[in-house]
Amino acid sequence: MVQKNREISSENGEVIPLKLFKSTENSSNAGRTCIMVVGTSGTGKTTLVNIYTGAKEKTGSGAQAVTNATVVVKDSIHSEAPLWLDNPGWSDPGGKSDSHVFKDLLGKMQAECIYNLKAVVWCVAPQPRMDSNLQAQAKFIDEFTVNQQAGNIWSNVIIVAKGKAHKTAEEDCQGARTAAKKLWVHAEPICLGWELAVPEIVQGTEPRLRRETLRIFTEEEIRAEMENALSRLPPPVQVVFANQRCKACGQKGDPRLMEDKCHRSKKLGHHGKLEQRFSKAEVGVAVAGGVAGVTALTAVSIATGAAEALAALPVFIAPGGVLAGHRFFNTTSESPAPCGPVRINDMRWSCCGGPEVGGEGCTDLCDLCESKWGEGEPCVLIRNPDRNLQGKMSKYEVYLKEHELVQAEQSDKDAH
């Protein structure tokens, strides 16, 4: 089912139109296949993509990302090969937040109709111990396959350590491997690791020593290592995109692509405004009726000489006087009395006609921003922002919760 375009605000305040959404929950393995490269910025992701595919994507030598957005790279070396997806990377001190990098990856897959993952190549620095960054990255990788496919992704993960800090590649990848197994106990990702050889090293070092002991590889050797690793993987896993709606904030699409924002809590309230119980028209009719009645009685009294007829004057005067007086003295509970200590609190809500004081609400509202539940701009963060988002999201309260998800088709039917 195709949904209408929706706009969201990016972390820098820029309005980004979301592409048309198509659910793949009930689809077959249709769509293209890719190899996705993820990991910490500066760990050789783009270099590896260039080596394997023959591409000429811009690379850098520092820890800061050179790739500024998720890009699709075609393999010009291997025939009928999957596409490669490169991205800015995680834990970039001057770049995007990690969650936005992940959403960009998924969004690119969706936009390009890439529903199958041959491999996730997880580039890391040599690290024998798991840390919070590796745990966070493993959690993002784990989210590529969810629900009935949960955990499937780990059969198609290759960990690549940039550089050599220990004797074996398994030791250099141990921190990332531990983070993977903490999420999925059966995870057994392939572990690789090397340093990229420079001509001087190749010319001055015995080949077997260079490859087996020093683990310094040429580009051709790196390509061969990756070809061997990819050939050992099972068939591609399918990335399923759901079509859901949050009942709290109204976002639609796959939950992984939704902003980490929502409404806080639900309360009963009113979406209308407070109005006088009696309108000016009603008061006018009552006063006009009273004037007509007084005029008629006066005429009868004069014509018949029966002064007793004037005794009925209050019957005609009272309605208009009561309504006019009610309107004059009636005010909201938070407003000052219009005349001395005399006041009436009998304002009514335009949405339902209910009283301001003592009545129940007629509409579900957010208890923080007062927007209708399921509509309006989300007002709280439902995840703790990472360091790249903390300053930009400082105006938002953090209220940890999950989106209240229902199938989008069903929620649309219920709304009608």
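What comes next concerns the included structure.

## With respect to the packing of aromatic side chains
Now for step 1: Within this structure, the stated rule accounts for eight aromatic pairs.
Now for step 2: Ring geometry for Trp194 against Phe217: centres 6.0 Å apart, planes inclined by 35 degrees, an arrangement best described as tilted. Of this pair, Trp194 sits in strand 8 (residues 190-196) while Phe217 sits in strand 9 (residues 216-217), and the two are 23 residues apart along the sequence. There is no split in this pair, since Trp194 and Phe217 are both buried.
Now for step 3: Of the aromatic side chains, those joined through ring pairs into one cluster are Trp90, Phe102, Phe140 and Phe144.
Now for step 4: When the ring centre of Phe241 is taken as reference, the NZ or CZ atom of Arg256 above it lies at 5.7 Å.

## Observations regarding the packing of helix 1 (residues 45-53) against helix 8 (residues 219-231)
Helix packing geometry: the angle between the two helix axes and the distance between the axes.
Now for step 1: Direction vectors running N to C along helix 1 and helix 8 enclose 85 degrees, while the axes themselves pass 9 Å from each other. When the interaxial angle is binned, helix 1 and helix 8 end up roughly perpendicular. Where helix 1 abuts helix 8, its residues Leu48, Ile51 and Tyr52 lie against Glu219, Ile222, Arg223, Met226, Glu227 and Leu230.

## Some words on the sheet that holds strand 20 (residues 405-407)
Now for step 1: Strand order in this open sheet of three strands is 12-11-20, and the pairing throughout is antiparallel. In this open sheet, the two edge strands, each paired with only one partner strand, are strand 12 (252-253) and strand 20.

## Points about the pairing of strand 8
Now for step 1: Along strand 8, five of the seven residues are buried, which leaves the element largely enclosed by surrounding structure.
Now for step 2: Bridge count between strand 7 (residues 157-162) and strand 8: five bridges; the pairing is parallel. Note that in strand 8 the partner of Ala161 across the bridge is Gly193.
Now for step 3: Bridge analysis of strand 8 against strand 9 gives two bridges, and the strand direction is parallel. What sits directly across from Leu196, in strand 9, is Phe217.

## Some points on the packing of helix 3 (residues 132-142) against helix 5 (residues 174-183)
Now for step 1: At a closest axis distance of 9 Å, the pairing of helix 3 and helix 5 adopts a crossing angle of 50 degrees. With respect to helix 5, the element helix 3 is oriented oblique. Here helix 3 and helix 5 pass one another in a crossing that is right-handed. Across from Leu134, Gln135, Ala138, Lys139 and Asp142 in helix 3, the residues of helix 5 making contact are Gly175, Ala176, Ala179, Ala180, Lys182 and Leu183.

## Side note on helix 2 (residues 98-111)
Now for step 1: For helix 2, spanning 14 residues, the distance from its first C-alpha to its last is 20 Å, which sits close to the expected 20 Å at 1.5 Å a residue.
Now for step 2: Within the sequence span of helix 2, burial applies to Asp98, Ser99, His100, Val101, Phe102, Lys103, Leu105, Leu106, Met109 and Gln110.
Now for step 3: Looking at the packing, one finds that the buried side of helix 2 touches strand 3 (32-39), strand 5 (83-86), strand 6 (114-124), helix 3 and helix 11 (387-390).
Now for step 4: Cys113 lies just past helix 2 and shows a positive phi near 55 degrees.

## Thoughts on the pattern of salt bridges
Now for step 1: Summed over the entire model, instances satisfying the criterion amount to 18 salt bridges.
Now for step 2: Here Arg215 and Asp172 are joined by a salt bridge, their closest N and O atoms 2.9 Å apart. One end of the pair, Arg215, is in the loop between helix 7 (207-213) and strand 9; the other, Asp172, is in helix 4 (residues 169-172), and 43 residues separate them in sequence. Of the two residues examined, Arg215 and Asp172, each falls in the buried class.
Now for step 3: We note a salt bridge from Lys267 to Glu370, for which the minimum N-O separation is 2.6 Å. Highlighted residues: Lys267 in strand 14 (residues 266-269) and Glu370 in the loop between strand 17 (363-366) and strand 18 (380-381), separated in sequence by 103 residues.
Now for step 4: Bridged by salt links that share partners, the residues Arg32, Lys108 and Glu112 form one connected network.

## Here's the deal with the environment of Ala119
Now for step 1: Mapped onto the elements of the fold, Ala119 is located in strand 6.
Now for step 2: Looking at Ala119, the relative accessible area reads 0%, which means it is buried.
Now for step 3: Taking C-alpha positions, Ala119 is 9.4 Å from Thr33, a pair spaced 86 residues apart along the chain.
Now for step 4: Setting aside residues no more than four positions away along its own chain, Ala119 makes contact with Cys34, Ile35, Met36, Asn156, Leu230 and Leu233.

## A look at helix 3
Now for step 1: Along helix 3, the residues classified as buried are Leu134, Gln137, Ala138, Phe140, Ile141 and Asp142.
Now for step 2: Tucked into the core, helix 3 has its buried residues touching strand 3, helix 2, strand 6, strand 7 and helix 5.
Now for step 3: The opening residue of helix 3 is Asp131, an N-cap whose side-chain oxygen sits 3.2 Å from the backbone nitrogen of Asn133.

Analysis parameters
The residue numbers shown here count from 1 along each chain, following its written sequence. pLDDT decides what is reported in this predicted model: residues at 70 or higher carry local features, side-chain atom pairs at 80 or more are listed and counted, and totals for whole chains, interfaces and linings draw on all residues regardless. Side-chain numbers come from the whole structure's heavy atoms, not from hydrogens or water. Between rings of Phe, Tyr and Trp, where Trp is taken as its six-membered ring, a pair exists when centres lie within 6.5 Å; planes separated by under 30 degrees are stacked, by over 60 edge-to-face, and by other angles tilted. Helix and strand definitions here come from DSSP, where helices need a minimum of 4 consecutive H or I residues and strands a minimum of 2 consecutive E residues; each element is numbered from the N-terminal end. The cut-offs for exposure are 20% and 50% of the maximum accessible area for each residue type, with area from a 1.4 Å probe on protein chains only; residues under the lower value are buried, those over the upper are exposed, and the others partly exposed. Criterion for a charge above a ring: Lys NZ or Arg CZ within 6 Å of the ring centre, and within 35 degrees of the ring normal. Convention adopted: a line fitted to C-alpha atoms gives each axis, helices being fitted over their contacting stretch, and angles between N-to-C directions are expressed from 0 to 180 degrees. Oblique is the label for any angle not under 35 degrees, not over 145, and not in the 65 to 115 range, which are roughly parallel, roughly antiparallel and roughly perpendicular in turn. Contact between two residues is taken to exist if any of their heavy atoms lie within 4.5 Å; hydrogens are not considered. In this scheme, strands are said to pair when DSSP sees at least two bridges between them. Here is the rule for handedness: rotate from the far helix to the near one, and if that takes an anticlockwise turn smaller than a right angle the crossing is left-handed, while a clockwise turn gives right-handed. Here the expected span of a helix is defined as 1.5 Å times the quantity of residues minus one. Just to be clear on terms, a salt bridge is a Lys or Arg side-chain nitrogen sitting within 4 Å of an Asp or Glu carboxyl oxygen. In protein, a polar contact requires one atom able to donate a hydrogen and another able to accept it; more generally it is a pair of N or O atoms within 3.5 Å, and residues adjacent in sequence count only if both atoms are side-chain atoms.

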